[in-house]
Amino acid sequence: SAIHFDEWSVPHNRAHGGVVRLALEGLVRRVLTTNWDQLVEAACYQSGCRMVQVRKQEELDRPEAELKVLKIHGCASDPNSIIAATSQIEGKDTACLWAQPQVQAMFHDMSIVFVGYSGSSEKIAYTMANVAQWSPAGIRHYAVDVADWRDFQATAAEFVEAASLTEDQFYECGAEEFVSTLVDRVLRAEAIRLIHEGGARELDDILALGQDTVGQFAADNYFIESIGTAAG
């Protein structure tokens, strides 16, 4: 009752919406969050994305959906699930550590994008460093943060070292801009891949997909020109 959840009911933004858009395309399967809010869920509802919440250990066996949202510190929709005290977050109570094996499995099996944490949290920077150390050889790591490179390098020193991160792998921007740009580039690449696989070799074949489909990706004729080449 001490937590004013009205303060967590702000409308979801382009970052939440972008993650859900990628989920609808089958490109994102899991969201793991320490937040109690339901902004990802709101974006799912608005977009018609089938979503399942996991807020506590008893819900781990919930069936798969287009997006599985693991709320590792609980959710406002179930106040009894909330983990808020430092003693809970940093303690050894098994009731508060139910997500740890899930997190480790995800880190081993998937590409991970940390959004909204930044290098300002030592605990998260340490986790990011562990992920970098676990990664197979040849995997490149990148960082996006609102801080500049020097500040990020100083605050997230363990991650920078573990990931062999250099300044050319660092991009200075916020979460919304990053996710929006990521969605645009990934969906454009996915559309091109699907058209190639579908054997669309003539411009007429591409235009037959419909103006809406083509127009969605035809920024400065990049879409048409890239497929209209001899190689395409």
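The structure under discussion appears in the preceding block.
Presented here is a report on the structure given in the accompanying data block.

Rules of the game
- Along each chain, residues carry numbers from 1 onward, in the same order as the chain's sequence is written.
- Only residues with pLDDT of 70 or above have their local features reported here, since the model is predicted, and side-chain atom pairs are shown and tallied only from 80 upward, although totals for entire chains, interfaces and linings are computed over all residues.
- Hydrogen atoms and water are omitted, and side-chain values are computed over all heavy atoms in the structure.
- Strands here mean DSSP runs of E at least two residues long; helices mean DSSP runs of H or I at least four residues long; both are numbered from the N terminus.
- When a residue's accessible area, from a 1.4 Å probe over protein chains only, is under 20% of the maximum for its type it is buried; when over 50% it is exposed; and in between it is partly exposed.
- The contact criterion used is simple: two residues touch if any of their non-hydrogen atoms lie within 4.5 Å.
- Using a 1.4 Å probe, accessible areas were evaluated by the Shrake-Rupley method; residue-level cover was limited to the displayed protein chains.
- For the purposes of this section, nonpolar cores are sets of buried Ala, Val, Leu, Ile, Met, Phe, Trp, Tyr and Cys residues that join through side-chain atoms within 4.5 Å.

### Comments concerning the overall build of the chain
- Scanning the chain for helices and strands turns up 11 helices and 5 strands.
- When the 232 residues of the chain are sorted by exposure, 33% land in the buried category.
- A sequence separation of at least 24 residues applies to 62% of the contacts in the chain between residues at least 6 apart.
- For the chain, the accessible surface area stands at approximately 14200 Å², while carbon and sulfur atoms represent 49% of it.

### Some remarks on the environment of His108
- Residue position: His108 is located in helix H4 (residues 100–109).
- Remark: the alpha-carbon pair of His108 and Pro136, spanning 28 residues in sequence, is separated by 9.0 Å.

### A short note on the nonpolar core
- In this structure, Val20, Val40, Cys44, Cys49 and Leu67 are the most contacted members of the largest nonpolar core, which totals 15 residues.
- Where this core is concerned, the elements lending two or more residues are helix H1 (14–24), helix H2 (39–47), strand S3 (67–71) and helix H8 (175–197).
- Among the elements that line this core, the one with the most residues is H1, at 4 residues.
- For Val20, the residues in contact, after removing those within four places along its chain, are Val40, Ala43, Cys44, Ser47 and Cys49.
- Ala143, Phe152, Ala156 and Ala163 belong to the second largest nonpolar core, which has 12 residues in total.

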